[in-house]
Amino acid sequence: MPVQVADNVFWVGAIDWNRRDFHGYTYTTPRGTTYNAYLILDDEVALVDTVAPGFEEEMLERISEVVDPGRIRYLIANHGEIDHSGAIPEVLEHAPQAEVLCSRKGLESLGKYFDLPGLRSVATGDMLTLGNKTLRFIEAPMLHWPDSMFTYVEPDRLLLPNDAFGQHLATSQRFADEVNSGQLWDEAARYYANILTPFSRMVLRKLDEVARMQIEIATIAPSHGVIWRQDPGRIVEAYRRWASGQARERVLIVYETMWGSTEQLAEALAEGVMSEGVEVLVRGLPMADRTDVLGELLEAKGLLLGSSTHNQGMLLNIAAFVEDLKGLRFTGKIGAAFGSHGWAGGAVPDLEEALREAGFDVMTADLAVRWAPSAEELAKAREFGAHFAREVRRSVMEAVPPHHGFEA
Ligand code: FEO
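Residues numbered from 1 in each chain as written. Predicted model: local features only at pLDDT ≥ 70, side-chain atom pairs only at ≥ 80, totals over all residues. Heavy atoms only, no water.

A. Region of the structure containing helix α6 (residues 200-213). With 14 residues, α6 should reach 20 Å at 1.5 Å per residue; the first-to-last C-alpha distance of 20 Å fits that figure. Here α6 has its buried residues at S200, V203, K206, L207 and V210. Take α6 and look down its axis: the buried residues cluster within an arc of 115°, on one side only. For α6, the exposed residues set more than 90 degrees away from the buried face come down to R201, R205 and R212. Where the residues of α6 are buried, they touch β13 (134-139), β14 (149-154), α5 (181-196) and α7 (233-243). Downstream of α6 by one or two residues, Q214 has phi in the positive range, about 55°. (Helix = DSSP H or I, 4+ residues; strand = E, 2+ residues; numbered from the N terminus. Expected span 1.5 Å × (residues − 1). Buried < 20%, exposed > 50% of the residue type's maximum accessible area, 1.4 Å probe, protein only. Arc of directions from axis to C-beta. Contact = heavy atoms within 4.5 Å.)

Right, dumping it as structure tokens:
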């Protein structure tokens, strides 16, 4: 069933209940996802974005319930990634006269993915009148690809920002106010942490730019998950908070252990953090899901990273997590390393160096323990955990709250 989003605007996307990975298993999606496409009816008919390969028929059936797909005059491709552009060829089979519009950078990605003779670029400020409705385009490079673009629909005050403000959440419901809010915000945070964190400066700039445009936004309809129709300013403010690195009094302890010694240190550190009344989350790898852990890190001020030494370095699952940290480049966080070793060490200095490379403010814990931690070493870990928690609290209190903007 198509779902009405605004006057003569319909969701005609697809629900992928079984999707469990994105970007080649760098991102797990335990709740599936949706690919949202939006059909706009006016004197001319426009379709904004399509769906992933395999879901073409589902989308075309939904379109057909509203209008003959052959009437589509404009196909707006806000982003070239295949989960949104995958059904462009099928749409063009039904509507060969349709013009495909994308950002200037989209000419490169879409032009290479597909043979699209009718591909044309638009830029920020360009408008397209469909009759009573006008589409206004806003380039949004690096949110999250260079070719990303927003489409704003007047007079419906409807923003179609493609990947931005999305969540990987398969549900029969189309609107944020209809789903479990704990799950929704968990998925929105996981999504920001794993996809948008490296581009936080651009996110802030884009929020400011849209605020300066003084366009009213009643509804934000992203290309994944549910649509923000009640108080869409909440997700905008969350993006501003996440993009500015604002965090709370939370310490995340992430470790991988070989024979349990590093785990004992992790638990002693956690006791120390708790003794200061600061929230702590202890996550052993690979039992904990890396995508989840990165989502939990988004609002954590402190990270304690531990590994046993193996082959003079860190264990493999921690090494993968460290690669994520270097790539995602969280800002404004404090970190420290700990671990155990047998005949020779190596993991702890490597972890400290990796934290520095990832942009953390690194504290020295002096917790590289040989064999198994002694009672004194466990006491030292508890003391350091308490000290780290106090630093986290001080740092959170000193942080300047972000200013507001982009009133939705
Ligand atoms: Fe949902 Fe960047 O594609």
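B. Representation of the sheet that holds strand β15 (residues 158-160) within the structure. Pairing within the open sheet is mixed, and its five strands lie in the order β12-β13-β14-β15-β16. With one partner strand each, in any of the chains shown, β12 (127-129) and β16 (219-220) form the two edges of the open sheet. Here β15 pairs with β16 via two bridges, running parallel. Directly across from L159, in β16, lies its bridge partner I220. (Pairing = 2+ DSSP bridges.)

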